Every structure is written in structure tokens, then in C-alpha cells.
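# Overview (structure and organization)
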Amino acid sequence: MLICVTGGAGYVGAHVVRLLQQAGLEVIVIDDLSYGDATRVGSAELVQLDLADTAELPRLQAALDGCTAVVHIAGRKQVGESVERPAWYYQQNVGGMANLLLAMQAQDVDRLVFSSSAAVYGQPSVGQVREDLDLKPINPYGESKLIGEWLVRDAARAWGLRGVNLRYFNVAGAGWEELGDPAVLNLIPMVLEKLSEGRPPAVFGGDYPTADGTCVRDYIHVIDIATAHMIALDYLDRDQRPFDSFNVGTGAGASVRQVIEMIGEVTGLDTTPAVKPRRPGDPAVLIGAVDRIEQTFEWKAQHDLRSIIDSSWRAWQAGPRRIASGAGR
Ligand code: WQD
């Protein structure tokens, strides 16, 4: 069975590719390598192309020839960048999905797992967000992910695509030391980067209406995210539901301060933070209700926050920005 993984040379994608390969499945990766690293895909065939480039449709269609399913992870995912470059985010994320669906229909590839995001919820005022909550994204990134979900739904209605949208909460950690998150765009790598520079971690806002005044998020291990994709592929083969969306999180929250303190425990470094002004657009609390994925997939995330931070630290120390023991502040 041949599975196509778009964005398979990236952080989450490389973990999905490796689990598919370990399961004995043949994988073809489509990636523009703007962020991905070709060495991360192992023995998988790699087709380098920009999904959003309509001129590439013939090559995209050819790459899908013989595929039984697509895991679509390729996309732009920086909230701040999306606010600065909204049209480009729509072109990349919505245009890329549209081209992918055109190519899939042309090749009769009718199974799709889509990497969506909790960003589709925007700034909810509830403790745990459920999938049927009103979807009110507050930035072009979240909007582009929501439109991607609509495109999956509309393809299911129009030509029988069987699609699943997986709404990632905060992905972190590393399933293998060499597959750590190469970007420093999220809390844990941003804290490790500060520590590697001998500087205090930054807390963006200490006056939120939470127990310790800092934002609370649902951190999920990247291996759990990748495993959810594997189960979603089975679901598409097993269940007659043509289309559905699931939160992929742990259902538990951790505050910025709790994460930073645990990084200190794991690394032995002084992680006393510097509290900075709030970052625009941050909801105080964003935790995913996960009962639907647990009941439908008969699965739940297996890794806790310490496992996430342990693996992040090991991957960081295996990389180019290793922090010498006894270094730091
Ligand atoms: C988490 C919390 C920051 C760095 C984003 C995307 C979301 C998803 C996950 C793709 C926030 C605070 C951070 C730092 C801090 N991406 N923080 N100091 O913003 O919850 O979600 O990544 O799907 O769509 O929006 O993640 O890791 O950027 O921030 O205090 O040095 O940590 O303010 O409260 P976020 P994050």
C-alpha cells in the first residue's frame, strides 16, 4: 500500500513517515523543502514541489499515481507571519489544499487525513474546546486551516472523498533524537534557545486569569500526533463515515510557568523566567476535549508533559545548539 505524505520532510511529517515505514507501508513524500530536510524521510521517495504552484499539477498528479491515501501536513504554520502575509498564507495553505484535492480526484485517491489545528477555535471562552464549538479563528493561519477543513468536507460531498481533519493542539517533543523540531517557533524550543544563549526564558504575560497568571495549553507529544494519523488512516478504511474532525490533544493543560519549571527540573539549568508583556492573540486557556477521538479511535495520547520535555531536551542536546553541562546562567 502506497501512502503519500505531504510535508513529510518536516517536523511532524517525518514522524508520520517513520511510523508508516515501521508499519511496512511504502511512502512517497511531497515537500518543497522550504523548511523540511530530505535526510528525515529515510527510504521514502521524495518529490520536491510546491503544492500551491498550479503549474506543478501534472507532477503532483503523477506523484499520486498508485497512492491509496494522502496525509496532508504541508503548510505554513506561523501565526505571526500569517498576520503579516495573509494572502500568501491563503495561497499556500488553501491553494495547496485545492491543488491536492484536484490531483487526488483525477487519480481516484479517495482517502485524506488533514493536519488541521486548534487555531480554528480562535480564543474560546471555555475550559475545554469540543469539536462542535463555533469555529472563530482570529488570524489568517487559523482561517486558512478552517477553509482547508471545508475543502475536505466539500470534496466528501462532491465526489466521495473520505476525509478526517485532525486538529492538533500544542505539538512538542521528539520521537527520535534526530527528528526534533528544527524550528524555534514554540514555547519549549524557544525556552531552550534562551537557555543556550545564557538568557532567561521569556513569559509572555503573567497576568492572565489562570492559576499562576500564565497561559495554559494542551501539550501533546509528536509521537502521539503521528500515531493519531496512523489510526485515522485505519479509520478511513474501517468506518463508513465520509468526513469528520477530531481534536488531537491530551485533554489536560499546563501553564507556561509549569512548562518552564519542568524544563529546569529536566535540564538542571536555572530557568528563572523574565515576565514580558502579553503576546497579541494568545488565548488564556486552550485545551482540547478528547473524548470523541478516544471513543471513535479507541485511542488516547500516551505521553505526559515530562516525557515531552525529556525528549525535547534529548533532541536539543543531540543537535547543533547543545548546551554544555554547567553552562546556562
Ligand atoms: C504557547 C504559550 C505563548 C514562547 C501555536 C499556534 C498553533 C499551533 C501551536 C500549529 C503561549 C507562551 C511562548 C515563549 C511564552 N501551531 N510563550 N514564551 O501560540 O499556543 O500555538 O503553536 O498548529 O496553531 O498558534 O504555541 O508555543 O507559540 O505558545 O510565554 O518564549 O507559550 O504566549 O501562551 P501557541 P506557542
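Reading the values: the criteria
- Residues numbered from 1 in each chain as written.
- Predicted model: local features only at pLDDT ≥ 70, side-chain atom pairs only at ≥ 80, totals over all residues.
- Heavy atoms only, no water.
- 1 Å grid on protein atoms, 1.4 Å probe; cavity = no way out; pocket = protein on both sides within 12 Å on 5 of 7 lines; lining within 4 Å.
- Points joined across faces, edges and corners; volume = space filled by probe spheres on them.
- Nonpolar A, V, L, I, M, F, W, Y, C, P; charged D, E, K, R; others polar.
- Phe/Tyr/Trp six-rings, centres within 6.5 Å; stacked < 30°, edge-to-face > 60°.
- Helix = DSSP H or I, 4+ residues; strand = E, 2+ residues; numbered from the N terminus.
- Buried < 20%, exposed > 50% of the residue type's maximum accessible area, 1.4 Å probe, protein only.
- Near = heavy atom within 4 Å.
- Polar contact = N/O pair within 3.5 Å; in protein donor to acceptor, adjacent residues only side chain to side chain.
- Areas by Shrake-Rupley, 256 points an atom, 1.4 Å probe, with all protein chains shown as cover.
- Pairing = 2+ DSSP bridges.
- Right-handed = clockwise from strand over helix to strand, strands pointing away.
- Contact = heavy atoms within 4.5 Å.
- Salt bridge = Lys/Arg side-chain N within 4 Å of Asp/Glu carboxyl O.
- Domains from an automatic or database assignment.
- Buried area = accessible area lost by both parts, 1.4 Å probe.

### Some thoughts on empty space enclosed by the protein
In this approach the atoms are scanned with a rolling probe the size of a water molecule, which exposes any empty space left behind. Considering all chains together, one arrives at one cavity of 30 Å³ or more under this definition. Roughly 30 Å³ of internal volume is contained in the largest cavity. Lining the largest cavity, in full, are His-72, Ala-74, Gly-75, Asn-93, Met-97, Phe-114 and Lys-145. Among the residues forming the lining of the largest cavity, the class breakdown is three nonpolar, three polar and one charged.

### Looking at the packing of aromatic side chains
Tallied over the entire structure, the rule returns five aromatic pairs. Judged by centre distance (5.8 Å) and plane angle (90°), the ring pair of Tyr-235 and Phe-246 falls under edge-to-face. Taken together, the positions of Tyr-235 in helix H7 (residues 222-238) and Phe-246 in strand E12 (residues 243-248) put the pair eleven residues apart, joining distant regions of the chain. Phe-246 shares its class with Tyr-235; the two are buried. Ring geometry for Phe-246 and Phe-297: centres 4.8 Å apart, planes at 55°, overall tilted.

### Remarks on the site of the ligand
With respect to spatial proximity, 18 residues lie near the ligand, and among them Tyr-141, Ala-202, Arg-217, Arg-279 and Asp-282 are the closest. Taking Arg-279, its side chain carries an N or O atom lying 2.7 Å from an oxygen atom of the ligand. Here the ligand has 700 Å² of accessible area as a free molecule, and 90% of this is covered by the chains. Breaking the shell around the ligand down by element, the ones donating at least two residues are helix H6 (187-196) and strand E9 (202-204).

### So, the pairing of strand E2 (residues 26-31)
Taken across its six residues, E2 has five buried, putting it largely inside the fold. Where strand E1 (residues 2-6) meets E2, five bridges bridge the pair, whose relative direction is parallel. Looking at the pairing, Cys-4 lines up with Ile-28 of E2. Since E1 and E2 lie parallel, the crossover through helix H1 (residues 11-22) that links them has a hand, and here it is right-handed. Pairing of E2 with strand E3 (residues 45-48) involves four bridges; the strand directions are parallel. By the bridge assignment for E3, Ile-30 is matched with Val-47.

### Side note on the side chain of Ser-82
Tracing the backbone through its elements, the reader meets Ser-82 in helix H3 (residues 79-84). Among all residues touching Ser-82, those that are not within four sequence positions of it are Tyr-89, Asn-139, Pro-140 and Tyr-141.

### Some details on the pattern of salt bridges
It is possible for side chains of opposite charge to pair when their charged atoms get near one another. With the rule as written, the count across this model stands at 15 salt bridges. A salt bridge links Arg-59 to Glu-56, with the nearest nitrogen and oxygen atoms 3.0 Å apart. Note on Arg-59: relative accessible area 40%, which makes it partly exposed. Among the salt bridges present, the one from Asp-154 reaches Arg-157, with a minimum N-O distance of 3.8 Å. With Asp-154 and Arg-157 both in helix H5 (residues 140-159) and three residues apart, the pair spans about one turn of that helix. Overall, the relative accessible area of 33% leaves Asp-154 in the partly exposed class. On the basis of relative accessible area, Arg-157 is assigned to the exposed category, the value being 65%.

### A word on the sheet that holds strand E13 (residues 254-255)
The four strands lie next to each other as E6-E15-E10-E13, forming an open sheet whose pairing is mixed. Across the chains shown, the open sheet's two edge strands, defined by having one partner strand only, are strand E6 (128-129) and E13. The pairing of E6 with strand E15 (residues 285-288) spans two bridges and is parallel. The residue of E15 that forms the bridge with Gln-128 is Ile-287.

### Observations concerning the domain arrangement of the chain
You can read the domains of the chain as domain 1 (2-171 + 220-248) and domain 2 (173-217 + 250-318). In this assembly, 38 residues from domain 1 lie in contact with 34 residues from domain 2. Both faces considered, domain 1 and domain 2 share a buried interface measuring about 3,300 Å² in area, 60% of it formed by carbon and sulfur atoms. Counting the contacts that link domain 1 with domain 2 gives three salt bridges. Glu-178 is the salt-bridge partner of Arg-18, the closest N and O atoms lying 2.6 Å from each other. Our count for the domain 1 to domain 2 interface comes out at 17 residue pairs in polar contact (both at pLDDT 80 or more).

### Considerations on unusual backbone geometry
Positive phi, normally seen in glycine, also occurs at Asp-108, with a value near 55°. Mapped onto the fold, Asp-108 is located in the loop between helix H4 (86-106) and strand E5 (111-117). A positive phi angle, close to 50°, is found at Glu-298, a residue other than glycine. Mapped onto the elements, Glu-298 comes out in the loop between helix H9 (291-297) and helix H10 (305-317).

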